[in-house]
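For reference, the chains in residue letters:
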Amino acid sequence: MYKIILCILVGLLSTQVYSTASTSLETIASTQQWRVLGHYQPYFGAFKSSITSANFFLAKQGSNDPKAELIATIEAFQSDQLKVYCQYPARYLFLLQYKLVNPRDVKSACIEYRNYLAELPVKSISLVYASGFLGNPASMFGHLLLRLNLGQSSQLLDNTFNFGAIVPPKDNKFVYIFKGITGGYVSRFSDEPFYHHSNIYNEDELRNMWEYELDLDETQISLLLAHRFELRNVTFDYYFFTENCAYQLAFLLGLVNDEPVLQRKYPWVLPIDVITALADFEPSIITSFKRRPSRQQLFYDRYQQLTAITQNLIENYLSENRSLSQILDSVSQKSEKKQLIEVLLDYFSYLEIRQDSLTKIQLKQRQELLVARFSMGIGAAEWTTREVLPPHKTQRPMLIQLSHVWQQNGSETQLKVRGSYYDALSINEPENNFSALETMNFVLSDSESKGLKRIDLINVRNIKPDNTQLDGDQSHAWTAKFGFQPATTACSNCSVGYVEGGFGKAFGGFNRTVYGLLTTRLQTHHHNIDTGYLGAEIGAVIKPVNWWRSRLVITSELGLNSSLSSDSIKWQQAFSSSPHWDVRVTLEKSQDTSFTVGAGYYW
């Protein structure tokens, strides 16, 4: 009888121990770090890894069962096979925190991992943001990557941790958009030198870059580097709006951040979402930030610091009206001579990128500029660093706006919901200060029987004034837009599908622009209303202070079927310096006169 009771007690104790161990493993498998190491995403009440390489997982169901993969990993480490330690150094560091593996000098035992770390004496890590580039659909929303700061003489020699789709060279932009949206590509993390990305973004595409240094300690950096090693030959799903560079890097940073970087997943993820989320954390893990201007921006920043007289001397030299010695003799101070020559050298470097090559005359001029600069001795010219609004302080991309419209024949209340990103009156980065990039823009109205007044699926306006009047520095303004809207401004319950575009020119400066466009619009049939239009648009945008922005637009259209013309004038104003809200007032005169007041919230 005594033996029976003892067996029962031992059995109960064993069950309790097993239950405690099981609960412990359940807790560990549900930690943020373990889910990041397996790249597990919520999936219909369960989990699914975004990793598509089956050999990355040790458990048979490891791609969708974090606990099974955890148990298989512990068992593999307990078998004391060196191969497992060398293949999963980040998992080893993670399990060591919970004392589920025996301490081992993985760095010394694994030759490939030791050599990998020897090449990466990382001092700190920065999140790098390449600003949006409207000239390429793949780059309109910007790009993110991690730079591994090695503390070398030049940051261009640093390494990176980048994520992107593997795109065959033969795929054009339209194929890329279709495959990118539908998941037609695989993707991976890569580790190119930083100068590779600087050359693409700063030089070739003339995009500004922003660097955000992260507050990470040595243990956190070691964990990120170990996981980077694990992902060398691993492939992922890729979706342009969801599982993109922004989402994957935000998810990855959950490995070293107490909370998920993106608290909740919207239908899409933008690079700016990650930057603003990191900046909004209390305390923020961002310790500092700085701008790395493009070749074009560097030229503009310096050119605008010259006096009007010096700018005129440059124009005379480039047009061969005056020789280099003549324009240098017109400048009294040696520092001003240096500035003049350095701006001209910046101009030729920028022009060579934009035009692919320089003319014989330009090559000759650049050569004599270099000779003249060397004769002045060492020491660069002094320049003032221009302070501009960093990306994390711009207006947030998603918008909900409530407006009331007063018209001659009545009034209506509208609700606007915008998926992303900015319009001409947004608080925006300087390079896109007068442009617009809006997607999934819905407007609901109580005057519509079905509630929906318009949908702008895509609205892109590339309005960039020339910063100089020098040869080769001219660009064109253009617009593209399509969706569903009322057939005319005076009708209700008359939605039609439409596509429109414009092409023209913009003039102005840092906080103001005037532009003109020739426009065309096609729309689906509705009663006797024209389906095709040709027209013109003249507009102006000013942003004199951070709390007030204003836009005036005059349009005229001619129907191709009826030859009837329609004109409109619209004056819009935005008030607020906050990235999260503003008040907008609009006065419009077309077939009817309307006055609109609206309040918007951005997030």
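Thresholds applied
- Along each chain, residues carry numbers from 1 onward, in the same order as the chain's sequence is written.
- Note on the predicted model: pLDDT of at least 70 is required for a residue's local features to be given, and 80 or more for side-chain atom pairs to be given and counted; whole-chain, interface and lining totals, by contrast, use all residues.
- The side-chain numbers reported here are obtained from all heavy atoms of the structure, hydrogens and water having been left aside.
- If DSSP finds at least two bridges between two strands, the strands pair.
- Strands here are runs of E lasting at least two residues and helices are runs of H or I lasting at least four, both read from the DSSP assignment and numbered beginning at the N terminus.
- Where each domain begins and ends follows an automated or database-derived domain assignment.
- Contacts between residues were defined by any pair of non-hydrogen atoms, one from each residue, lying within 4.5 Å.
- Accessible area, probed at 1.4 Å, shrinks when two parts are joined; the buried area is that loss added up over both.
- The buried label goes to any residue with under 20% of its type's maximum accessible area, the exposed label to any with over 50%, and the partly exposed label to all in between, with areas taken from a 1.4 Å probe on protein chains only.
- Inter-axis angles, ranging from 0 to 180 degrees, are taken between N-to-C directions of lines fitted to C-alpha atoms, where helices are fitted over the stretch in contact.
- In this scheme, roughly parallel covers angles under 35 degrees and roughly antiparallel covers those over 145, while 65 to 115 is roughly perpendicular and the rest are oblique.
- By convention, the crossing between two helices is left-handed when the near helix turns anticlockwise from the far helix through less than a right angle, and right-handed when the turn is clockwise.
- Summarising the geometry, the arc corresponds to the directions from the helix axis toward the C-beta atoms.

**Regarding the pairing of strand 10 (residues 399–407)**
Pairing of strand 10 with strand 11 (residues 410–422) involves 9 bridges; the strand directions are antiparallel. Counted as the bridge partner of L399 is R418 from strand 11. Connecting strand 10 to the next strand, strand 11, in antiparallel fashion are 2 residues. With 9 bridges connecting them, strand 10 and strand 21 (residues 593–602) associate as antiparallel partners. Looking at the pairing, I400 lines up with Y601 of strand 21.

**Quick word on the domain arrangement of the chain**
On domain assignment, one finds that the chain holds domain 1 (2–118), domain 2 (124–292), domain 3 (306–375) and domain 4 (394–602). Taking only C-alpha atoms into account, the centre of domain 2 sits 32 Å from that of domain 4. In this assembly, 15 residues from domain 2 lie in contact with 19 residues from domain 4. Buried surface at the junction of domain 2 and domain 4, summed over both partners, amounts to about 1400 Å²; 63% is from carbon and sulfur atoms. Looking only at domain 2, the three residues that lose the most surface to domain 4 are L134, F141 and W268, adding up to 41% of its buried area.

**Structural notes on the environment of L358**
Within the secondary structure, L358 is located in the loop between helix 16 (334–355) and helix 17 (360–374). Classification of L358 as buried rests on a relative accessible area of 10%. With 33 residues separating them along the chain, L358 and P391 place their C-alpha atoms 34 Å apart. Every residue in contact with L358, bar those within four places of it in the chain, is listed here: F348, L351, E352, L363 and R366.

**Notes on the sheet that holds strand 13 (residues 452–462)**
The antiparallel closed barrel is built from 12 strands, whose spatial order is 10-11-12-13-14-15-16-17-18-19-20-21. Across the sheet, the mean angle separating the axes of adjacent strands is 20° when strand polarity is ignored.

**Some thoughts on the packing of helix 7 (residues 111–118) against helix 10 (residues 218–230)**
Working note: a packed helix pair is described by the angle between its axes plus the distance between those axes. The N-to-C vectors of helix 7 and helix 10 enclose an angle of 125°; their axes lie 11 Å apart at closest approach. Between helix 7 and helix 10, the angle falls in the class oblique. In this structure, helix 7 crosses over helix 10, and the sense of that crossing is right-handed. Across the interface between the two elements, E112, Y113, Y116 and L117 from helix 7 touch L225, A226, R228 and F229 from helix 10.

**Examining the pairing of strand 3 (residues 124–130)**
A regular strand places its side chains on the two faces of the sheet in alternate fashion. Burial within strand 3 is extensive, with 7 of its 7 residues counted as buried. Where burial is concerned, the two faces of strand 3 agree: the one with S124, S126, V128 and A130 and the one with I125, L127 and Y129 are both buried. Looking at chain direction, strand 3 and strand 4 (residues 143–149) are connected through 7 bridges and run antiparallel. Across the sheet, residue I125 finds its bridge partner in strand 4, namely L148. Pairing geometry for strand 3 and strand 7 (residues 209–214), over 6 bridges, is antiparallel. Pairing of A130 across the sheet is with M209, part of strand 7.

**A look at helix 13 (residues 295–303)**
When you tally the buried positions in helix 13, you get 7 out of 9 residues, the bulk of the element. For helix 13, the complete set of buried residues consists of Q296, Q297, F299, Y300, D301, R302 and Y303.

**Some details on the sheet that holds strand 9 (residues 286–292)**
Here 7 strands make up an open sheet; going across it, the order is 8-6-5-4-3-7-9 and the pairing antiparallel. Sheet topology places strand 8 (236–238) and strand 9 at the edges, where each strand pairs with a single neighbour. In this sheet, adjacent strand axes meet at a mean angle of 25° when their direction is disregarded. Examined bridge by bridge, strand 7 and strand 9 share 6 bridges and lie antiparallel to one another. Within the sheet, the bridge partner assigned to E211 lies in strand 9 and is K290. Set on the sheet, helix 9 (residues 194–204) makes contact with strand 3, strand 4, strand 5 (159–165), strand 7 and strand 9; between it and strand 7 the angle comes to about 145°.

**Quick word on helix 7**
Within helix 7, burial applies to Y113, Y116 and L117. Take helix 7 and look down its axis: the buried residues cluster within an arc of 95°, on one side only. Residues of helix 7 that are exposed and point more than 90 degrees away from the buried face comprise I111 and A118. Buried residues in helix 7 make contact with helix 5 (89–97), helix 6 (106–109) and helix 10.

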